[in-house]
Amino acid sequence: MAVSRPTDAHALRTAFLDFFAERGHERVASSPLVPFNDPTLLFVNAGMVQFKDVFTGRDKRDYRRATTAQRCLRAGGKHNDLDNVGFTPRHHTLFEMLGNFSFGDYFKRDAINWAWEFLTQVLGFPADKLVVSVFNGEGDDAPFDQEAYDLWLELVPKDRIYAFNAKENFWQMGDTGPCGPCSEIHIFRGEGPAPGTGGQPGKGPAFEDAAYMELWNLVFMQYEKHEGGRMEKLPAPSVDTGAGLERLAAILEGASSNYGTSLLSPLVDKGKQLAGVSGDQGEREASFRVIADHARATAFLIADGVTPEKSGRSYVLRRIMRRAIRHGTLVGLDEPFFHEICDLVVEQFGDAYPELREARAAIADAVQIEEQAFRRTLDRGLKMVEATLAALPERAGAFPVDPAAKLYDTFGFPIDLTRVIAVEHGLTLDEDEVAARVRELQGAGDAGFVGGDAKINDVYFELANELGATEFVGYAEVEQQATLRAIIVDGARVESASAGASVELIFDRTCFYGESGGQIGDHGVIVGGADPKGARLEVSDSQKPTGGLIVHHASVTQGRIAVGDSLTLRVDVARRDAIRRNHSATHMLHHALREQLGKHVAQKGSLVAPDRLRFDFSHPRPLTLEERAAIERQVNAMVMANAATGTQEMSLANAKQAGAIGLFGEKYADEVRVVTIAADSVELCGGTHVARAGDIGLFKIVSEGGVAQGVRRLEAVTGTGALDWVQHTASIVEQATAELHARDADDLLVRLAKLQEELKLKERELAQIERKLATGGAGESETTEVAGVKLLVRKIGVADPKVMRDAADTLRDRLGSGVVVLAAERDGKASLLVAVTSDLAGKKVHAGKLVGALAGHIDGRGGGRPDLAQAGGPKLAGLDQAVADAPVQLAAQLAK
RNA sequence: GGGGGCAUAGCUCAGUUGGGAGAGCAUCGCACUGGCAGUGCGAAGGUCAAGGGUUCGAGUCCCUUUGCCUCCA
């Protein structure tokens with residue numbers, strides 16, 4: 001036996017991979033958690049996901065056996081167990097799936113024998129505790145899996161072989177596609193050997209029985225299901241197996257729960273250490289488990305390029321992080337702690353998953369930022385809960401549902417926390433009721449997950465397999481003779497096409513760059529061909545749908561083309577040169593951002609077009625003008641240094657060694673292209689670049705904005721585009737300078753500030769003068785008495801509401817006790833204002849009612865408070881009547 | 001991507017059918033005090049995020065934009 005018995009979970013993982021590597025399996029690295037080319041899936045949730053297209057035959061690999069330790073995540077989407085995690089021994093968000101795969105190579109015999117050998121020989125699990133199951137032929141069109149049954153019989157006594165129906169033991173990828181029966185291996189965890197079936201397959205305890213635990217699932221893909229359910233035998237059946245590392249480790253290490261294994265217990269203990277406790281924490285134990293589990297998920301997700309944000313996968317991550325932090329507060333971890341647990345994950349798993357080490361700083365930063373943000377949210381929510389409690393009537397028995405729901409939905413305050421506080425105040429809160437109210441508020445919008453990537457047409461897979469990758473010669477050439485290998489019209493392959501047709505073309509080689517890595521596809525023309533007159537095509541786009549296939553989108557403007565033709569491909573050079581400038585500038589911008597803002601800056605997306613470049617990157621706040629200027633200076637300094645750019649093919653490992661920047665979670669081939677600019681900027685990149693940095697001419701940022709929380713977007717121009725922008729902007733400044741009679745552009749700002757200051761002063765002065773005019777010369781003569789109440793009525797020249805109020809104030813104070821009525825004209829409209837001294841307001845006289853009565857004369861409406869009210873209307877001519885009517889209306893009010 | 005919300009003095013925020021822009025803290029001044037802490041009185045500080053609309057009148061209502069918080073897929 002070559003592989004020796006492992007002592008802990010990490011050694012178990014290695015032992016598994018070694019075991020299958022020794023048996024001819026390619027050791028394939030775990031794919032990132034974000035599925036590649038699968039828009040239907042939020043996260044990789046099984047070991048076989050990265051081989052999906054291989055099983056269906058759409059994709060090919062140069063090996064037929066593979067083994068992986070695949071990180072998987074179950075957290076988002078329709079059915080997730082998030083709420084259970086931490087409270088049961090085996091629910092996890094992140095887990096590792098060990099698997100061995102056969103792509104049309106070995107089948108049931110080897111799969112069964114190896115699984116048995118690994119469990120009993122390598123891990124030393126007692127054979128008499130293991131029971132297995134096969135498909136019994138019920139519930140689907142496939143028959144009883146006699147083959148598997150017979151094979152098991154060679155290893156296991158008859159009464160430890162169970163047979164179950166399709167629900168348990170038949171697997172399918174989707175409604176159609178590869179499928180087949182499966183066999184499961186379970187372990188009996190009670191005392192002694194596993195009890196038998198009583199000799200009858202299909203009879204006996206169901207495996208839901210807590211005494212049994214599933215260890216390994218072997219899927220035998222031997223059928224293909226077609227539309228309508230018709231089942232066909234596959235010529236070369238495949239094997240897909242999966243064994244949960246956490247479970248195997250629990251048995252190996254004799255732990256009653258997965259949290260007691262060497263995978264998770266160091267994380268649980270770290271949490272306890274930070275909380276200043278040790279040993280079993282009873283009810284609080286679950287919180288430490290949640291923290292441990294979620295720390296793993298958090299560290300891996302961030303390493304795979306997911307950041308905690310408010311949409312999609314990002315939101316799932318944030319929810320996981322917040323749940324962990326919340327459980328931290330439950331056990332007294334009131335200071336940021338989670339980043340320390342996540343850092344321990346990096347240490348513990350960094351050997352098996354080097355991507356964790358690479359992302360160490362990014363993980364720490366993202367977690368700390370999220371911890372701070374969530375604690376702010378908690379503080380804010382706490383205040384609101386207190387406010388709600390304070391507003392509650394004395395004898396309320398329950399915390400009201402609506403505020404609790406709003407607190408959660410709108411302000412992100414955990415429902416369970418609201419309940420805890422309510423209970424502290426002797427109130428109850430039904431969490432289910434609140435959750436129901438939240439769903440109501442949500443409007444039950446269930447649109448389903450919409451992924452980013454579009455589904456790839458089968459025809460491209462077919463062509464990629466048949467023709468292989470298109471040779472790209474466009475780094476050096478912009479014109480190239482090539483043989484036409486395929487023509488696609490409306491998604492179907494054709495042999496020829498004539499003028500007027502919209503076609504997609506594939507050649508054996510091309511100088512056209514297929515859109516990828518943010519750089520958009522080339523335009524150009526294609527000429528020549530077998531047609532005596534010569535064909536001509538305009539290429540409007542070049543795409544790279546899959547497998548290195550470069551597809552030219554073109555319209556035939558002249559002549560006729562056919563598969564096999566030799567044609568001349570000519571890229572639009574001016575456009576390509578502009579793209580080169582923008583692509584190289586993008587790299588330099590990336591470099592400058594990391595220098596000026598910090599290493600937390602990571603590319604989140606980019607667009608390289610001929611007229612502009614766009615760069616999205618992680619950064620927590622808007623860029624200041626100074627930061628933007630510093631970045632521009634640095635990029636332009638690199639341009640002026642005019643260093644030659646270099647490209648080099650090397651292995652991915654060497655590239656990383658050289659410090660090349662790549663994208664988190666991006667899938668790279670083993671051989672990568674590395675682009676170096678001025679020795680500073682080293683990036684993995686397949687794009688086209690300038691020969692020397694100086695070719696860029698000028699780099700200018702033209703806009704800055706946000707796309708999501710923590711993600712900023714810069715847009716910039718280069719070369720002639722930059723010149724256009726500068727000239728346009730400069731001409732605007734010059735015109736403005738001339739307009740304001742400023743000496744120069746600097747003076748322009750001074751002039752503007754001065755003008756604004758002056759304007760403010762003038763407005764104040766004007767208001768003062770107006771008020772003086774309005775209040776000036778108030779003699780006793782104007783004042784009359786109506787039923788013992790002093791009344792001052794006056795028409796004034798200013799109708800600005802504020803000035804009228806000030807004027808009324810002054811006049812009212814002068815009266816001591818009484819009523820002031822002001823009338824004025826403004827913008828061709830009539831204005832009225834009534835002010836009443838406080839001794840009368842609301843008691844004898846109501847300003848609002850009085851002004852309302854007078855407003856009728858000007859066809860207007862109005863209102864206000866008892867002591868002050870305003871009205872306005874369009875009928876200027878009625879102003880005098882209103883003035884005359886004032887004593888009458890006042891008398892009427894006083895008479896009541 | 002959809003829903004819910006926020007943006008008011010340097011800071012934290014109030015502003016309830018649309019009717020005079022506020023509080024606390026911080027700042028400055030004066031007073032009490034041997035000095036400090038403290039207390040009292042007073043002052044300064046606002047394009048109510050930006051732009052448009054409705055209205056006699058908008059911090060308040062409507063639309064757009066920007067920034068931020070939050071829930072959900």
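Residues numbered from 1 in each chain as written. Chains lettered and ligands numbered in written order. Predicted model: local features only at pLDDT ≥ 70, side-chain atom pairs only at ≥ 80, totals over all residues. Heavy atoms only, no water.

**Notes on the overall build of chain A**
Inference 1: When its secondary structure is counted, chain A shows 24 helices and 33 strands.
Inference 2: Taking 896 residues into account, the globule formula puts the C-alpha radius of gyration at 29 Å, and chain A, at 38 Å, lies well above it.
Inference 3: By principal-axis analysis of the C-alpha atoms, chain A measures approximately 120 × 85 × 55 Å.
Inference 4: Taken across its 896 residues, chain A has 48% of its residues classed as buried.
Inference 5: Put simply, 69% of the contacts in chain A that link residues at least 6 apart link residues at least 24 apart.
Inference 6: Carbon and sulfur atoms make up 49% of the accessible area of chain A, which amounts to about 41400 Å² in all. (Helix = DSSP H or I, 4+ residues; strand = E, 2+ residues; numbered from the N terminus. Rg over C-alpha atoms; globule rule 2.2 N^0.38 Å. Buried < 20%, exposed > 50% of the residue type's maximum accessible area, 1.4 Å probe, protein only. Contact = heavy atoms within 4.5 Å. Areas by Shrake-Rupley, 256 points an atom, 1.4 Å probe, with all protein chains shown as cover.)

**Considerations on the sheet that holds strand E21 (residues 603–608)**
Inference 1: With antiparallel pairing, the 4 strands of this open sheet are ordered in space as E21-E22-E27-E26. The two strands at the open ends of the sheet, each matched to only one other strand, are E21 and strand E26 (699–708). Averaged over all adjacent pairs, the angle separating strand axes in this sheet is 15°, with direction ignored.
Inference 2: Bridge analysis of strand E22 (residues 613–618) against strand E27 (residues 711–718) gives 6 bridges, and the strand direction is antiparallel. By the bridge assignment, Arg614 is partnered in E27 with Glu715.
Inference 3: Across the sheet, helix H20 (residues 719–739) touches E26 and E27, and the angle it forms with E27 is around 95°. (Pairing = 2+ DSSP bridges. Axes fitted to C-alpha atoms, helices over the stretch in contact; angles between N-to-C directions.)

**So, the pattern of salt bridges**
Inference 1: In the structure shown here, the tally under the stated rule is 37 salt bridges.
Inference 2: As a salt-bridge pair, Arg296 and Glu246 come within 2.8 Å of each other at their nearest N and O atoms. Here Arg296 is found in helix H8 (residues 285–303), whereas its partner Glu246 is found in helix H6 (residues 245–252), with 50 residues between them in sequence.
Inference 3: Glu715 is the partner of Arg612 in a salt bridge, and the nearest nitrogen-oxygen pair spans 3.3 Å. On the criterion of sequence distance, the pair formed by Arg612 in the loop between E21 and E22 and Glu715 in strand E27 is long-range, its members being 103 residues apart.
Inference 4: Members of the salt-bridge network, linked through shared partners, are Arg13, Glu96, Glu246 and Arg296. (Salt bridge = Lys/Arg side-chain N within 4 Å of Asp/Glu carboxyl O.)

**Side note on the packing of helix H10 (residues 338–349) against helix H12 (residues 360–391)**
Inference 1: Where H10 contacts H12, the axes come no closer than 9 Å and their chain directions differ by 160°. With respect to H12, the axis of H10 lies roughly antiparallel. For the element pair H10 and H12, the recorded crossing hand is right-handed. Contacts from Phe338, His339, Cys342, Asp343, Val346 and Glu347 of H10 reach H12 at Arg360, Ile363, Ala364, Val367, Gln368 and Glu371.
Inference 2: Class assignment of the residues belonging to the contact of H10 with H12 gives a composition of 6 nonpolar, 2 polar and 4 charged. (Parallel < 35°, antiparallel > 145°, perpendicular 65-115°, else oblique. Left-handed = near helix turned anticlockwise from the far one by under 90°. Nonpolar A, V, L, I, M, F, W, Y, C, P; charged D, E, K, R; others polar.)

**Brief notes about the protein's contact with RNA strand B**
Inference 1: Inspection of the region around RNA strand B gives 38 residues, with Lys310, Gly312, Tyr315, Asp809 and Arg865 positioned closest.
Inference 2: If you look at RNA strand B and keep only atoms within 4 Å of the protein, 58% of those are sugar or phosphate atoms.
Inference 3: At a separation of 3.4 Å, a phosphate oxygen of RNA strand B approaches a polar side-chain atom of Arg712.
Inference 4: Going through the elements one at a time, helix H9 (312–330), H12, helix H13 (401–411), helix H15 (431–442), E26, helix H22 (801–815), strand E32 (861–864) and strand E33 (868–873) are the ones with two or more residues in the surface near RNA strand B.
Inference 5: Top contributing element to the surface near RNA strand B by residue count: H9, with 5 residues.
Inference 6: The class makeup of the residues in the surface near RNA strand B is 6 nonpolar, 16 polar and 16 charged. (Near = heavy atom within 4 Å. Polar contact = N/O pair within 3.5 Å; in protein donor to acceptor, adjacent residues only side chain to side chain.)

**Here's the deal with the environment of Asn457**
Inference 1: With respect to the helices and strands, Asn457 occurs in the loop between H15 and helix H16 (458–467).
Inference 2: When its relative accessible area of 36% is taken as the criterion, Asn457 is described as partly exposed.

**What about the nonpolar core?**
Inference 1: Residues Trp152, Trp216, Phe338 and Ile363 are the most contacted members of the largest nonpolar core, which totals 109 residues.
Inference 2: When residues in this core are grouped by element, the largest group, 10 residues, is from H8. (Core = buried A, V, L, I, M, F, W, Y, C linked by side-chain atoms within 4.5 Å.)

**Considering the UniProt feature "binding site: Zn(2+)" (unreviewed entry) in chain A**
Inference 1: Within the UniProt annotation, "binding site: Zn(2+)" (unreviewed entry) is assigned to His583, His587, Cys685 and His689. Taking the farthest pair of C-alpha atoms as the criterion, the annotated set spanning 107 residues converges on one region, since that pair is 9.9 Å apart.
Inference 2: When its relative accessible area of 11% is taken as the criterion, Cys685 is described as buried.
Inference 3: For Cys685, the contacting residues outside a window of four places in its chain are His583, His587, Arg673 and Val675.
Inference 4: In this structure, His689 sits in the loop between strand E25 (681–684) and E26.
Inference 5: Using a relative accessible area of 10% as the deciding quantity, one classes His689 as buried.
Inference 6: Ignoring anything within four residues of it in the chain, the contact list for His689 reads Arg580, His583, Ser584, His587, Val675 and Ile677. (UniProt positions renumbered as here; feature names shortened; annotations may be inferred.)

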